Amino acid sequence: MSLLLATVKANTIIQSLQIRYPSEINIREISMECGAYVRERKIDGAEAWLVRKGTKGIITVNSGIQEPGRKCFAIAHELGHFELHSDSQLVVCSNEDMYAWNRSKEQEIEANEFASCILMPEVIFSRYIKKEAPNMVRVSELSGEFGTTLTATAIRYVQLSPESCAVAVSKDCILKWYKKSDSFSFHLKVGEKLSPDTYAFDSFDGSELPAKRRSVPATAWIAGVIDPDGEIIEHSIALKSYGVVLSLLWIDKEIRYRFKERDEEEPEFDLTDKFTSDGKRWQW
Ligand SMILES: [Zn+2]
């Protein structure tokens, strides 16, 4: 799998088209420039597909997708297949593929990485990440600036943030998957029922979420034996149409593993057995 190739390909296209601002990122025009025509059709059971004919391609996106950001991501995902997987003549992608981080679906992960990089190029997106405490309000603003979904934007935000932060997606009161920044050195309790100490739990319990970020016990989110007094900042938002809660987590004060004081090594967490039952960490 080559996520680096996906990133380089996307960056090369952005540079060659001399795109410098979010308003210039028009995925349909970019696709045309790359040789892939975009059209919309009513599709049952798929988000989009790509048909390759020689050096040209046709991307068909489901006209039934209501959210513009989701439609753009689907087009960008297919463009990723067009640019990266030249041996595929026909690719049909489901909604789950658009958000798959399953290791057995390498080409889908690559297409998703390409989509993220071309819709939110690092050189542009990084300029818009202010030096401030991570919060969902900023993620929402960036989502508007770049015309991307809140979830895709939150993932890109933590991916490029210098802060120690992560974004977690929960459904049916279960933590389904998360993505984190390089400096976020912990793992979250994937596959487990949410702790009642989290605000995300309260949302599934019918409560309104606080508009601002709040501190919660770090043990509520973080796997492993950590300092029981440690705190983590949570800013959750409910995506009601998907039945999902998106949580931005930020560590503003050091949290230590309990036994680290005895100079023992931090435990290694193997998340492969922490995936959701169908093997996906990344789904609505
Ligand atoms: Zn795909």
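Residues numbered from 1 in each chain as written. Predicted model: local features only at pLDDT ≥ 70, side-chain atom pairs only at ≥ 80, totals over all residues.

Trainee: Can you tell me about the nonpolar core, naming the residues and giving the values?
Mentor: Most often, soluble globular proteins keep nonpolar side chains buried together rather than apart. Grouped together as the largest cluster of nonpolar side chains are 72 residues, with contacts concentrated most on I75, I118 and L119. Here this core gets seven residues from one element, more than from any other, and that element is helix α3 (residues 68–84). For this core, the two domains that each supply at least three residues are domain 1 (3–119) and domain 2 (165–250). The contacts of I118, once residues within four sequence positions are left out, are A10, I13, I14, I30 and A76. (Core = buried A, V, L, I, M, F, W, Y, C linked by C-beta atoms within 7 Å. Buried ≥ 20, exposed ≤ 12 C-beta atoms within 10 Å, placed from the backbone. Helix = DSSP H or I, 4+ residues; strand = E, 2+ residues; numbered from the N terminus. Domains from an automatic or database assignment. Contact = placed C-beta atoms within 7 Å.)

Trainee: Can you lay out the packing of helix α1 (residues 3–16) against α3 for me, pointing to particular residues and giving the numbers?
Mentor: Interaxial distance between α1 and α3 falls to 11 Å at its minimum, and their mutual angle equals 100°. On the basis of the axis angle, α1 is roughly perpendicular to α3. Of α3, the residues touching α1 (which contributes L5, A6 and K9) are G80, E83 and L84. Of the residues that constitute the contact of α1 with α3, the class distribution is three nonpolar, one polar and two charged. (Axes fitted to C-alpha atoms, helices over the stretch in contact; angles between N-to-C directions. Parallel < 35°, antiparallel > 145°, perpendicular 65-115°, else oblique. Nonpolar A, V, L, I, M, F, W, Y, C, P; charged D, E, K, R; others polar.)

Trainee: How would you sum up the pairing of strand β9 (residues 244–250)? Please name residues and give values.
Mentor: Burial analysis of β9 places seven of its seven residues in the buried class, the great majority of the element. Across the two faces of β9 the burial is the same, with V244, L246, L248 and W250 and V245, S247 and L249 all buried. Taken together, the seven bridges between strand β5 (residues 165–171) and β9 define a ladder with antiparallel strand orientation. Across the sheet, residue S170 finds its bridge partner in β9, namely V245. (Pairing = 2+ DSSP bridges.)

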